[in-house]
Structure formats: structure tokens, C-alpha cells
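Structural overview for review
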Amino acid sequence: QVQLVETGGGLVQPGGSLRLSCAASGMIFSPYNMGWYRQGPGKQRELVATISSGGSTKYVDSVKGRFTISRDNPKNAVYLQMNSLKPEDTAVYYCNAERVLYGTPLQPYWGQGTQVTVSS
């Protein structure tokens, strides 16, 4: 049974930092492309950052230069370092795992989410 468990959320003041972690189990981690999504109050879920199985990264424009996604394959983990946080970063952050095998997308996996609140 595949599980993605996010930790590291919390309340932080504007300008502060948080590091989210996502621990994966029940899967062969290294071939998966990993991502962080978020869903703010009254908003649709949006893609924040992705890291491919090969380590290539992409970010939504609003977090470029502030957030860094990384992965540790031996630990089956992906991280999101968030700096210079803004109130508009307030959201539930979700970890995502996706893989395409021989051109066919496999079932994606999601974590349960972790709340990040940026407020003074």
C-alpha cells in the first residue's frame, strides 16, 4: 500500500521559512516524478513545484526564487524548502507522485496534506 505522508507545516510570520517533508512508503520511489501542490482557501489546487526522477525541477512563477524542491532517493523523501513566505502562500500543501511507464501514466498518489499558514 502506497503512502505519502507530509510533515512540517505550521504557522509562520511573513518573511519566515518552513521546510515541508514528504515520506513515501510502499513504492519504488526513484522512478517517480514528485511534486508539491497547494490549495488555498476558496481556491483551486495548484501545482507549486516538481522534481523529476532525474532531478530536474520546475516551479510556478509565484514561488520562483523563494521555494526549493529536492529529493533524497535513499530516504524515499521529497522536500520543499519555503523561504520569504507571504500570506498568499497560506494553503494546504500536498505531496504528489506520478510515473509514466512505457508511455502510460500510472496511478498517481497523493498525501493527506499539511497546513501552512503565513500570518502575523
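The structure reproduced in this document is the subject of the present report. (Residues numbered from 1 in each chain as written. Predicted model: local features only at pLDDT ≥ 70, side-chain atom pairs only at ≥ 80, totals over all residues. Heavy atoms only, no water.)

**Regarding unusual backbone geometry**
Keep in mind that most residues, glycine aside, have a negative phi and that most peptide bonds are trans. The backbone of Ser 84 sits at a positive phi, close to 50°, despite the residue not being glycine. Within the secondary structure, Ser 84 sits in the loop between strand S8 (77-82) and strand S9 (91-98). According to the relative accessible area criterion, Ser 84 is partly exposed, its value standing at 38%. The residue Tyr 102 is not glycine, and still its phi comes out positive at about 50°. Tracing the sequence through the fold places Tyr 102 in the loop between strand S10 (100-101) and strand S11 (104-105). (Helix = DSSP H or I, 4+ residues; strand = E, 2+ residues; numbered from the N terminus. Buried < 20%, exposed > 50% of the residue type's maximum accessible area, 1.4 Å probe, protein only.)

**Considering the pattern of salt bridges**
Following the criterion strictly, the structure yields 4 salt bridges and no others. Between Asp 89 and Arg 38 there is a salt bridge whose closest N-O contact spans 3.0 Å. With Asp 89 in the loop between S8 and S9 and Arg 38 in strand S4 (residues 33-39), this pair connects stretches of sequence that are 51 residues apart. Residues Asp 89 and Arg 38 agree in their burial class; the two are buried. Here the salt bridges share partners, and the residues they tie into one network are Arg 38, Glu 46, Arg 66 and Asp 89. (Salt bridge = Lys/Arg side-chain N within 4 Å of Asp/Glu carboxyl O.)

**Notes on the packing of aromatic side chains**
Counted by the stated rule, this structure contains 2 aromatic pairs. Seen from their ring centres, Tyr 32 and Tyr 109 are 6.2 Å apart, and the 50° between their planes marks the pair as tilted. Placement of Tyr 32 in the loop between strand S3 (18-25) and S4 and of Tyr 109 in strand S12 (residues 109-110) is noted, with a sequence separation of 77 residues between them. Where Tyr 37 meets Trp 110, the ring centres are 4.9 Å apart and the plane angle is 65°; that geometry is what we call edge-to-face. Placement of the pair is Tyr 37 in strand S4 and Trp 110 in strand S12, with a sequence separation of 73 residues. (Phe/Tyr/Trp six-rings, centres within 6.5 Å; stacked < 30°, edge-to-face > 60°.)

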